[in-house]
Amino acid sequence: MDWFENKDFSKFTKSLVEIALEAGDILKSGFRSNYKINKKEGKHNLVTEYDILSEKAIISYINKRFADHSILCEEEGAFEKNSEYKWIIDPLDGTVNFAHSIPMFAVSIALAKNDEIISAVTFNPIINELFVAEKSKGAFLNGEKLNVSPIKKLDDAFLSTGFPYDLYDNPNKCQERFIEILKLGLPIRRIGAASLDLAYVAAGRFEIFWETGLGPWDLAAGKLLIEEANGKVTHYDGSKVIIKKKNAIVASNKYLHDEFLKFLNKI
């Protein structure tokens, strides 16, 4: 995948691509192999040794090339430094899929400058799809520029969602909201990897994705991908997404955003 070398990307974006490809190779080598699986808090909240191997490779890369930058990652937590830059890492998004031999998972990495995402990469190594975005330079899939779907009627929309690991506690009335959205009679998919859901909105494959309980590493890269593909990402109340905390978000092609938020907030 040397197409990105011909793009006018910053050294940061090129570094994100380089390490995402390396981490993707690690995941690909471990897919459908024998490995250890451990459980975290919540039902089916798994972590495999390949989550750890991928994350360690990414952290090592950053520490060698950008030693003064802060890091926030899903498994190891935060490594805070006195820097305006922070790398936000999901080394294996879709671990449950990975652990069950389903080829829908990704490496997802974003770089923030003063809490604003400036570069993002989401990579599915099994089907070799590399999503890349840089602030003010657009979003791309394997070199092709992305734009969100032009669909403007909710009745024509293709939706995607996910569920939090504490679904049984019904945070944000996620059970009731899902049931009411089902009643719209629209096609809905549940991929099991929020980074891919968001990338697919950017690519125009889905018109809308919504989910509650997403961590910074789940959505940082996808948010920039969508915004650079002319889409929109907000909280359920329409406010700006804060990457630092867990979020309930709606991501869309922007044309359907307000209508979907209005429906969601009736529930």
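Please refer to the structure higher up on the page.
Since the structure is predicted, the reported quantities are computational estimates derived from the model, not experimental observations. (Residues numbered from 1 in each chain as written. Predicted model: local features only at pLDDT ≥ 70, side-chain atom pairs only at ≥ 80, totals over all residues. Heavy atoms only, no water.)

Asks: Is there a simple way to think about the side chain of arginine 177 in this case?
Replies: With respect to the secondary-structure elements, arginine 177 resides in helix α4 (residues 174–182). Looking at arginine 177, its side chain comes within polar contact range of the main-chain oxygen of leucine 264, at 3.1 Å. Arginine 177 has contacts with Asn172, Tyr236, Leu264, Asn265 and Ile267, leaving out every residue within four places of it along the chain. (Helix = DSSP H or I, 4+ residues; strand = E, 2+ residues; numbered from the N terminus. Polar contact = N/O pair within 3.5 Å; in protein donor to acceptor, adjacent residues only side chain to side chain. Contact = heavy atoms within 4.5 Å.)

Asks: Is there a simple way to think about the packing of aromatic side chains in this case?
Replies: The geometry of an aromatic ring pair comes down to the distance between the two centres and the angle between the two planes. Summed over all chains, the structure comprises 13 aromatic pairs. Here the aromatic rings of phenylalanine 163 and phenylalanine 178 are separated by 5.1 Å at their centres, their planes lie at 85°, and the arrangement is edge-to-face. Pair noted here: phenylalanine 163 is in the loop between β11 (159–161) and α4 and phenylalanine 178 is in helix α4, with a separation of 15 residues, a long-range link. Look at phenylalanine 163 and you get partly exposed, because its relative accessible area is 24%. Judged by centre distance (5.6 Å) and plane angle (55°), the ring pair of tryptophan 210 and phenylalanine 260 falls under tilted. Remark: phenylalanine 260 occurs in helix α7 (residues 257–264) and tryptophan 210 occurs in strand β13 (residues 208–214); sequence separation between them is 50 residues. Like phenylalanine 260, tryptophan 210 is buried. (Phe/Tyr/Trp six-rings, centres within 6.5 Å; stacked < 30°, edge-to-face > 60°. Buried < 20%, exposed > 50% of the residue type's maximum accessible area, 1.4 Å probe, protein only.)

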